[in-house]
Amino acid sequence: MVRRVIQCAMPTLRRRRRWPIAATLWLLALPAMGQGADAPSPPSDGAAPVTELPTAKPPPLEPNRQVLVVEAPRDKPPPLELGPADIPGPACTAEHHQPVIDEALAMARTRIREAVRLVRDEPDHPHVRRWFGNAPRKTIRMTLELTAARLDDMAGVAIRCNDPPGCPGGRFAYARERDMVLGLCPPFFRARMDGTDSRWGILIHEASHLAANTRDHAYRPTGALTLAKENAARAAENADNYEYFVETLPR
């Protein structure tokens, strides 16, 4: 009985030994199956493939067609035209300076007459109080009338244009009472004919020095307005107060 059992078990053992061998063969075949039919085969001698370098030169690049070629100008530019502010003095030229001066004088004469009427007819007008505070209206009116008379008759006044010794920095103009000189500087000729510090307003400022002995206690609109609030007597002597009073006159 024992012998038969052993004989029957032997074939079973032999069948079990075949499976490991078959599985091993199947695993070894997987890499070849994964490569597929299109996979390149390595060189037979094991060396890397050699790629030949190109020997022909590349074609030349086409020129950039978007570049705009502009010929350099051959003619010299025309000389700059000189304005009245560029022509040195002290003599005023009839061609460049005098027309500018005459235009400013005409406007100054017209506007200062309007200022005289306002102070005479409405001495307590807010515009008068704004620039002169509670200063005597008679003093203000007399100063305006004397200045208007001087602007109407400039005989005896020597007008100089762009005189370097009298025009340092950004000075608009200057006046000398002792020898009756009215100097106009380059900033005067560059000034406009409207707003504050206009050409005609500058003439009122300087003419008030010559005609009514006004002074320069304060400059610019802010200084003049402050002077009218803090020291009305000095505001009635200040040339800028008269200039800005006339330039900002309500119309």
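Residues numbered from 1 in each chain as written. Predicted model: local features only at pLDDT ≥ 70, side-chain atom pairs only at ≥ 80, totals over all residues. Heavy atoms only, no water.

S.K.: In this structure, what is going on with the overall build of the chain? I would like to understand it.
M.R.: When helices and strands are tallied, the chain shows 10 helices and three strands. Ordering the α and β elements of the chain from the N terminus gives α-α-α-α-α-β-β-β-α-α-α-α-α. Accessible area for the chain stands at about 17600 Å²; split by element, carbon and sulfur atoms hold 57% of it. (Helix = DSSP H or I, 4+ residues; strand = E, 2+ residues; numbered from the N terminus. Areas by Shrake-Rupley, 256 points an atom, 1.4 Å probe, with all protein chains shown as cover.)

S.K.: Looking at this model, I keep getting lost on the confidence of the model for the chain. Mind explaining?
M.R.: Interpretation of this model should avoid reading the predicted coordinates in detail wherever pLDDT is low. Looking at the chain, pLDDT values average 85 and 78% of them are 70 or higher. When the criterion is pLDDT under 50, residues 1–16 qualifies, and its contacts beyond four places in sequence or with other chains add up to zero contacts. (pLDDT = per-residue confidence, 0-100. Contact = heavy atoms within 4.5 Å.)

S.K.: For this particular structure, what's the right way to read the sheet that holds strand β2 (residues 173–176)?
M.R.: What the three strands build is an open sheet, ordered β1-β3-β2; its pairing is mixed. In this open sheet, the two edge strands, each paired with only one partner strand, are β1 (158–161) and β2. Each neighbouring strand pair of the sheet contributes to a mean axis angle of 15°, computed without reference to strand direction. Here four bridges tie β1 to strand β3 (residues 181–184), and the two strands are oriented parallel to one another. (Pairing = 2+ DSSP bridges. Axes fitted to C-alpha atoms, helices over the stretch in contact; angles between N-to-C directions.)

S.K.: For this particular structure, what's the right way to read unusual backbone geometry?
M.R.: Most peptide bonds take the trans configuration, and most residues that are not glycine carry a negative phi. The linkage connecting glycine 89 with the following residue, proline 90, adopts the cis geometry, with an omega of 15°. Its place among the elements puts proline 90 in the loop between α2 (30–35) and α3 (97–121). Look at aspartate 197: it is not a glycine, yet its phi comes out positive at around 55°. Looking at the secondary structure, you find aspartate 197 in the loop between α6 (186–190) and α7 (199–212). Judged by relative accessible area, which is 13%, aspartate 197 ranks as buried. (Buried < 20%, exposed > 50% of the residue type's maximum accessible area, 1.4 Å probe, protein only.)

S.K.: What am I meant to see in the environment of arginine 129 here?
M.R.: With respect to the element layout, arginine 129 can be found in helix α4 (residues 126–132). The class of arginine 129 is partly exposed, set by a relative accessible area of 44%. For the pair arginine 129 and lysine 229, spaced 100 residues apart in sequence, the C-alpha to C-alpha distance is 9.0 Å. Those residues in contact with arginine 129, other than ones at most four positions away along the chain, are Asp124 and Arg137.

S.K.: Explain the state of the cysteines here, please?
M.R.: Covalent bonding between the sulfur atoms of two cysteines defines a disulfide. Per the counting criterion, the structure on display carries two disulfides. Shown here is the disulfide that connects cysteine 92 with cysteine 161, its sulfur atoms set 2.0 Å apart. Residues cysteine 92 and cysteine 161 are joined by a disulfide whose S-S torsion is about 100°; by sign, that bridge is right-handed. With a gap of 69 residues between them, cysteine 92 in the loop between α2 and α3 and cysteine 161 in strand β1 connect regions that are remote in the sequence. Overall, the relative accessible area of 23% leaves cysteine 92 in the partly exposed class. A residue is classified by how much of its surface remains accessible, and cysteine 161, at 0% relative accessible area, is buried. Here cysteine 167 connects covalently by a disulfide to cysteine 185, the sulfurs 2.1 Å from one another. One disulfide, between cysteine 167 and cysteine 185, carries an S-S torsion of -80° and so falls in the left-handed class. Of this pair, cysteine 167 sits in the loop between β1 and β2 while cysteine 185 sits in the loop between β3 and α6, and the two are 18 residues apart along the sequence. (Disulfide = S-S within 2.5 Å.)

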